[in-house]
Amino acid sequence: MSAPVIHSSHWGAFTAQRVENELNIIPFSADPDPSPLLENFTDALTHPARVTQPMVRRGWLEEGPGPDDRRGADEYIAISWEQALDLAAKELQRVAELYGPQAVFGGSYGWSSAGRFHHAQSQVHRFLNTTIGGYVRSVWSYSSAAASVILPHIVAPQDEISRRGVSWREIAEHSDIILAFGGLALKNAQVASGGMSEHTERGYMKQAARRGARFISVSPLRSDLPDAAAGEWLPITPGTDAALILALLHTLYQHGLTDEDFLARYCTGWPTLVRYFQGEADGIVRNAAWAEAICGIPASEIITLAQRLHGRRVLVTVAHALQRAQHGEQPVWLGLVLASALGQPGLPGGGYTYALGALGHYGKAFNRVSFPSLPQGKNGVEALIPVARIADMLLHPGEPFQFNGVERHYPHIRLAWWAGGNPFHHHQDLARLRRAFCRLDTLIVHEHSLTATARHADLILPATMTLEREDVGGAPTDRHLFAMHPVAKPHGEARDDFAIFRDIAARLGKEKAFTEGRNVREWLQHLYQQMQQKLAEIDHPVPDFDHFWQQGVLTLPQVDDGGRLMRRFRADPLANPLPTPDGKIQIFSAVIDRFAYADCPGHPVWREPDEQPNPLHPLWLIANQPAPRLHSQLDYARYSAKHKQQGKEVCLMHPEDAAAREISEGDIVMLHNARGALLAVVNLSVNIKPGVVQLPTGAWYDPVDPKAERPLCRHGNPNVLTRDIGTSSLAQGCSGQITVIQAARFTGDAGPVQAFSPLIPAATRE
Ligand SMILES: Nc1nc2c(c(=O)[nH]1)N[C@H]1C(S)=C(S)[C@@H](COP(=O)(O)OP(=O)(O)OC[C@H]3O[C@@H](n4cnc5c(=O)[nH]c(N)nc54)[C@H](O)[C@@H]3O)O[C@H]1N2
Ligand SMILES: Nc1nc2c(c(=O)[nH]1)N[C@H]1C(S)=C(S)[C@@H](COP(=O)(O)OP(=O)(O)OC[C@H]3O[C@@H](n4cnc5c(=O)[nH]c(N)nc54)[C@H](O)[C@@H]3O)O[C@H]1N2
Ligand SMILES: [Mo]
């Protein structure tokens, strides 16, 4: 038994103690509502799905770098670290010399693990900047690309609206109605990138509900609103919130319930939108009856809801999920317009906040000084892609694409380097993604576990888990800073991402540039001292590093200025304008209008997604965030495994939809569409809207035939089904949240799930 040490993760801080191959985990004592996800650490360390040694793909080793259709279906050969590092360095040098850093993709999207220094994506960026002068990057996130692009045009940067928007404390004290499009699932709020030592959402919801605040969740799933909120469920057809909000606006307007003073003083373009929802140009009146036919909510309920909103302190929030779909920009925009039409922005507990509860960061206080991140150096490459356009880039080098008003061209990538992300988790249309990765000369992946992405790599480099190294854990919205002490030795031959990059940099003659002469402990001290210095400047002395390291936790001073931007704007819009072209909320945006995008015009609109339920694929699939894990992380571990049935992911279906297909509770079902198919175990529930099936993301991709045009994943990864298109020409965001499918009972034999099996090398290279 090892001595207990303190540690931190994206889903909470804890004390860990090693008992043989398992960990005892005790949640951080100050956490009022610790996350059950912590259980995933108990049996992860030595699981057979860990990567134990460097490996090279046979085809790549024998035939050299180049496009290769065998990726995802090839054998591996075990090699020594010396060989692996030599191969990686030689290949990076080859590509940089022949094609330059603009042929290297270093976007490396992914959540990685908590810990400021070892944050894998930062390590990749720093490594490529300091060794070859840069890389092609990706911008924005799978989480929130559509909102991140549109919010600065229409109101303010996303962080200002989500992280520094209306706070939970304010909601508990002031809101009358919290109208949540996409709900406020507590399963989501338990996670925050960098760490989250105090889970307070449940407490705030209870407090608000006790005071009489009403939570209304508009969502296809009842479970998106937790019991703590004691609220109401308004079931809606996926992808149709924009139509519902237009009808709410129309109803408010018809009944004279809009706050015309607010709209005139603080907003631009309301008359344009009025003309649109009244159908002046096209004769389509966007009223409650019109919306009923689209979103499945009876017109009478839409009208009642509009009337209830009037005259109350209303907070409107729109979940990330809604904008992870074609035309995802629209509900984000319309949520803001609805709050404005009610005259609420800038009032305590009222107005608009984007994605409240989607992450533990939102609606919280801020550290006055945060722990610095690893400096990434200077990227000399101009080329970039919107993050979710990775397959488009690899399949269409040189071709033009639109993005936020600019025409750009996809670069021709030869080498992609990934650490801390799992594209075969996060990307859509996995068969297409495989074809795209097959175009590369080389794919290098650092992983601690044998994800599908690792199994497509040419070089797999085994990385440590945070539990096996030292780091500092913290997030700008978490007042606790943690000394993350190692609890175990690295598994097998795993090395820290930093050490891997250091040794490759050394082979390229760039070790000093990459490390600045510091080892890990010296980097932690160096970064800590920068924070200490800044804290001293605001008269908040903290102990020196050694003392912090020993005591394990440090409490940082915070400011609670949530909602400040809107409060000041409301108080005096001329003195405190918003960062928009005319300083007002943009109900019409002249800038977006000038881009002349048919799929995202100058005012918000309802656009029907071009993939709709049809006779072949009559059901909507919701592929949302998984409750028992973070994305695909530790999918093999105990807490995640407990939530599978017959070793497969579980999908939820309405009993009517099941009966129509002779499907019963606990059956294995095949969900399929034109792109692929998957197997999952079905559970039946009346808490899902009929016509909708829900299957969370994160089951590791396990194709029966990896090279199939339409692969069958026997484990239940919904991204074999989702469509790989941008949200619109404006944001080009991920649109993987919803797609259309058919479901059928499966009685065949697809063999056992192999996703977590160890990768047995075919040979060892001498
Ligand atoms: N269909 C559909 N798809 C979606 C979504 C959806 O709603 N629907 N949601 C999207 C969203 S919001 C997101 S954010 C993405 C998430 O996509 P990702 O962030 O790519 O998912 P993770 O599973 O967190 O991947 C992190 C990987 O890093 C590895 N890792 C952890 N720590 C380390 C480390 O220290 N070093 C190295 N080298 N590796 C490490 C983990 O083992 C894991 O494989 O998925 C997106 N995909
Ligand atoms: N446990 C856990 N928590 C997480 C994560 C995780 O992987 N696991 N991931 C984190 C990350 S990176 C992110 S970005 C956030 C994501 O935050 P979100 O994207 O908001 O989370 P989701 O669970 O994908 O979606 C929330 C709910 O929206 C509903 N929904 C889907 N489509 C529609 C629609 O068209 N209209 C309406 N009204 N509702 C719809 C679904 O029922 C779904 O449950 O979650 C974070 N929290
Ligand atoms: Mo995300």
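Thresholds applied
- Residues numbered from 1 in each chain as written.
- Chains lettered and ligands numbered in written order.
- Predicted model: local features only at pLDDT ≥ 70, side-chain atom pairs only at ≥ 80, totals over all residues.
- Heavy atoms only, no water.
- Helix = DSSP H or I, 4+ residues; strand = E, 2+ residues; numbered from the N terminus.
- Buried < 20%, exposed > 50% of the residue type's maximum accessible area, 1.4 Å probe, protein only.
- Contact = heavy atoms within 4.5 Å.
- Areas by Shrake-Rupley, 256 points an atom, 1.4 Å probe, with all protein chains shown as cover.
- Near = heavy atom within 4 Å.
- Polar contact = N/O pair within 3.5 Å; in protein donor to acceptor, adjacent residues only side chain to side chain.
- Nonpolar A, V, L, I, M, F, W, Y, C, P; charged D, E, K, R; others polar.
- UniProt positions renumbered as here; feature names shortened; annotations may be inferred.
- Core = buried A, V, L, I, M, F, W, Y, C linked by side-chain atoms within 4.5 Å.
- Phe/Tyr/Trp six-rings, centres within 6.5 Å; stacked < 30°, edge-to-face > 60°.
- Salt bridge = Lys/Arg side-chain N within 4 Å of Asp/Glu carboxyl O.
- Axes fitted to C-alpha atoms, helices over the stretch in contact; angles between N-to-C directions.
- Parallel < 35°, antiparallel > 145°, perpendicular 65-115°, else oblique.
- Left-handed = near helix turned anticlockwise from the far one by under 90°.
- Pairing = 2+ DSSP bridges.
- pLDDT = per-residue confidence, 0-100.

Secondary structure assignment for the protein yields 26 helices and 33 strands. When burial is assessed residue by residue, the protein has 64% of its 766 residues classed as buried. By sequence separation, contacts in the protein at least 24 residues apart represent 76% of the contacts at least 6 residues apart. Carbon together with sulfur atoms contributes 49% to the accessible area of the protein, which is approximately 26,400 Å² in total.

For the rest of this paragraph, the subject is helix α18 (residues 430–438). Of all 9 residues that make up α18, 8 are buried, and the element is covered over most of its length. All of the buried residues along α18 are Leu430, Ala431, Arg432, Leu433, Arg434, Ala436, Phe437 and Cys438.

In this section: the site of ligand 1. Taken together, 34 residues are adjacent to ligand 1, and Ser113, His426, Glu447, Ser632 and Asn719 come closest. In this structure, Arg469 approaches ligand 1 through a side-chain N or O atom, which is 2.8 Å from an oxygen atom. Interatomic distance of 3.1 Å between a side-chain N/O atom of Gln625 and an oxygen atom of ligand 1. When ligand 1 is considered free in solution it has 920 Å² of accessible area, and contact with the protein chains removes 99% of it. Put simply, the parts of the chain that give the shell around ligand 1 at least two residues each are α17 (423–426) and β19 (442–447). A class-by-class count of the residues in the shell around ligand 1 yields 7 nonpolar, 23 polar and 4 charged.

This part covers the UniProt feature "domain: Molybdopterin oxidoreductase" (unreviewed entry) in the protein. Residues given the UniProt feature "domain: Molybdopterin oxidoreductase" (unreviewed entry) here are residues 50–506. Helix makes up 37% of residues 50–506 and strand 16%. Its end C-alpha atoms lie 27 Å apart.

Turning our eyes to something else, we now look at the nonpolar core. For soluble globular proteins, the rule of thumb is that nonpolar side chains tend to be buried together. Ranked by size, the top nonpolar core spans 160 residues in total, and within it Phe181, Leu249, Trp270, Leu273, Leu338, Tyr352 and Leu671 carry the most contacts. Examining the composition of this core, we find that 9 residues originate from one element, helix α9 (residues 241–254), more than from any other. Phe117, Phe127, Ile444 and Leu461 belong to the second-largest nonpolar core, a separate cluster that totals 53 residues.

The next thing to look at is the packing of aromatic side chains. This model, assessed by the stated rule, comprises 30 aromatic pairs. Aromatic side chains Phe127 and Phe501 sit 4.4 Å apart centroid to centroid with 25° between the ring planes, which places their arrangement in the stacked category. Of this pair, Phe127 sits in helix α3 (residues 120–132) while Phe501 is found in helix α19 (residues 497–507), placing the two residues 374 residues apart along the sequence. With a relative accessible area of 0%, Phe501 lands in the buried category.

Near ligand 2 lie 32 residues; those nearest to it are Lys187, Asp224, Gly239, Asp241 and Arg324. Residue Ala358 places a main-chain N or O atom 3.1 Å away from an oxygen atom belonging to ligand 2. At 2.8 Å from an oxygen atom of ligand 2 is found a main-chain nitrogen or oxygen belonging to His631. Surface burial for ligand 2 is 98%, taken as the share of its 910 Å² of free accessible area covered by protein chains. Those elements giving two or more residues to the shell around ligand 2 turn out to be α7 (186–189) and α14 (320–323). Of the residues forming the shell around ligand 2, the biggest block, 3 residues, is contributed by α14. Split into classes, the residues belonging to the shell around ligand 2 amount to 16 nonpolar, 11 polar and 5 charged.

Once that is clear, we can look at the pattern of salt bridges. Across all of its chains, the model carries 46 salt bridges by this definition. Across the pair Arg71 and Asp458 runs a salt bridge, and its minimum N-O distance is 3.0 Å. In this pair, Arg71 is assigned in the loop between α1 (58–63) and β5 (76–78) and Asp458 in the loop between β19 and β20 (459–462), connecting sequence segments 387 residues apart. Exposure remark for Arg71: the relative accessible area of 0% places this residue in the buried category.

Moving on, we come to the packing of helix α2 (residues 81–99) against α19. How two helices pack is summed up by the angle between their axes together with the distance between the axes. At their nearest, the axes of α2 and α19 sit 9 Å apart, and the two run at 60° to each other. It follows that α2 is oblique to α19 by the angle criterion. Viewed along their axes, α2 and α19 form a crossing whose handedness is right-handed. Taking contact as the criterion, the partners of Trp81, Glu82, Leu85, Asp86, Ala88 and Ala89 in α2 are, on α19, Ile500, Asp503, Ile504 and Arg507. Considered class by class, the residues forming the contact of α2 with α19 number 6 nonpolar, no polar and 4 charged.

A few words now on the sheet that holds strand β6 (residues 104–105). Read from one edge of the open sheet, 7 strands run β6-β18-β19-β20-β4-β5-β33, paired in mixed fashion. Two strands in the sheet have a free side with no partner beyond their single neighbour: β6 and β33 (763–764). By the bridge criterion, 2 bridges tie β5 to β33 in an arrangement that is parallel. Bridged to Ile77 within β33 is Ala763. Running over the sheet, α2 touches β4 (55–57), β6, β18 (415–419), β19 and β20 and is turned about 130° from β20.

Time to look at the sheet that holds strand β8 (residues 177–181). Within the open sheet, the 5 strands sit side by side as β10-β9-β8-β12-β13. Their pairing is parallel. Two strands lie at the open edges of the sheet, namely β10 (232–234) and β13 (351–354), each paired on one side alone. Neighbour to neighbour, the strand axes of the sheet diverge by 20° on average, direction disregarded. Direction of pairing for β8 relative to strand β9 (residues 214–218): parallel, over a ladder of 5 bridges.

Moving on, we get to the confidence of the model for the protein. The predicted model of the protein averages 97 in pLDDT, with 100% of residues at 70 or higher. Ranking the elements of the protein by mean pLDDT puts β33 last with 82 and β19 first with 99.

Following the sequence through the fold, Thr464 ends up in the loop between β20 and β21 (471–473). The class for Thr464 is buried, based on a relative accessible area of 3%. In terms of polar contacts, Thr464 uses its side chain to reach the side chain of Asp496, at 2.7 Å. Those residues in contact with Thr464, other than ones at most four positions away along the chain, are Arg50, His448, Arg469, Pro490, Ala494, Arg495 and Asp496.

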